[in-house]
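If you want the building blocks of each chain, they are given just below.
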Amino acid sequence: MSTAVCPGSFDPITLGHVDVVRRAATMFDVVVVAVAQNSTKAPLLAAGVRVELAREALAGIPGVRVELVVGLLAGLVREVGAVAIVKGLRSGADFDSELPMGLMNRHLTGVETIFVVGDQSLAHVASSLVKDVARHGGDIEDLVPSSVGRAVREALGVSPAGGGNTV
Ligand code: PNS
């Protein structure tokens, strides 16, 4: 039984994340989606909310479960006996930030990070941009799983999109 860990901040989970997890689930028997804290980012959503939204969004994918990481990702990787860490790549910029994390996690655990190329149609979908669009009144419904939009708007204190998009 092969297990992979798919980590991220998931602040919030987007359709890009769902695409990557779906692809990981075709390669491993079990995929543990690890909701973690990125110390370079201040999250909008509380950890428990990020976990719940991810659970809801990924519920239909066999072999996938969602866990909250407390402390180092390496601890969870060891605990679940993962044979790989899976992350999605949208661009060279993603690779630049992922490379040191992959090296550090291999240093800590001996486990390799493998990169999955996500769907090209979702290459512009980043949690940070999704939050920015919502913050300015834009429509994010086709960028995130259902129920995420409401949670993000609530956290931002903005009302539902009313024509913020121009296309
Ligand atoms: O979605 P992100 O922000 O790119 O994910 C980064 C994340 C949260 C996976 C990373 O910051 C992380 O693993 N945080 C947990 C603490 C940890 O293990 N830090 C060392 C990373 S090498």
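What you are looking at is a predicted structure, and each value in this text was computed from that prediction instead of being measured. Every chain's residues receive numbers from 1 upward, in the order its sequence appears when written. Owing to the predicted nature of the model, reporting of local features is limited to residues with pLDDT of at least 70; listing and counting of side-chain atom pairs is limited to 80 or more, with chain, interface and lining totals taken over all residues. With hydrogens and water excluded, all non-hydrogen atoms of the structure serve as input to the side-chain values.

Q: So what exactly am I meant to see when it comes to the pairing of strand β1 (residues 3-8) here?
A: Regular strands show a simple pattern: their side chains alternate between the two faces of the sheet. For every residue, the accessible area obtained with a 1.4 Å probe (protein chains only) is divided by the maximum for its type, and the residue is called buried under 20%, exposed over 50%, and partly exposed between those limits. Only DSSP runs of H or I covering at least 4 residues are called helices, and only runs of E covering at least 2 are called strands; the numbering of each starts at the N terminus. Across the six residues that make up β1, a large majority, six, are buried. Of the two faces of β1, the one lined by Thr3, Val5 and Pro7 and the one lined by Ala4, Cys6 and Gly8 are each fully buried. The rule for pairing is simple: two strands pair if DSSP sees at least two bridges between them. Two strands pair when backbone bridges link them, and β1 and strand β2 (residues 30-35) are joined in this way by six bridges, in the parallel orientation. Paired with Pro7 across the bridge in β2 is Ala34. By the criterion used throughout, a crossover qualifies as right-handed when its path from the first strand across the helix to the second strand runs clockwise, the strands pointing away from the viewer. A crossover links β1 with its parallel partner β2, the connecting element being helix α1 (residues 15-25), and its sense is right-handed.

Q: Just checking my understanding: could you explain the sheet that holds β2 for this structure?
A: Backbone-to-backbone hydrogen bonds pair the strands of a sheet. The strands run either parallel or antiparallel. Spatially, the five strands line up as an open sheet ordered β3-β2-β1-β4-β5, and their pairing is parallel. At either end of the open sheet lies a strand with only one pairing partner, and these are β3 (64-68) and β5 (112-117). Pairwise comparison of adjacent strand axes, ignoring direction, gives a mean angle of 30 degrees for this sheet. Contacting β1, β2, β3, β4 (84-89) and β5, α1 crosses the sheet at an angle of about 150 degrees to β2. Contacting β4 and β5, helix α4 (residues 92-109) crosses the sheet at an angle of about 175 degrees to β4. All axes here are fitted lines through C-alpha atoms, helices being fitted over the stretch that makes contact, and every angle between N-to-C directions spans 0 to 180 degrees. The contact criterion used is simple: two residues touch if any of their non-hydrogen atoms lie within 4.5 Å.

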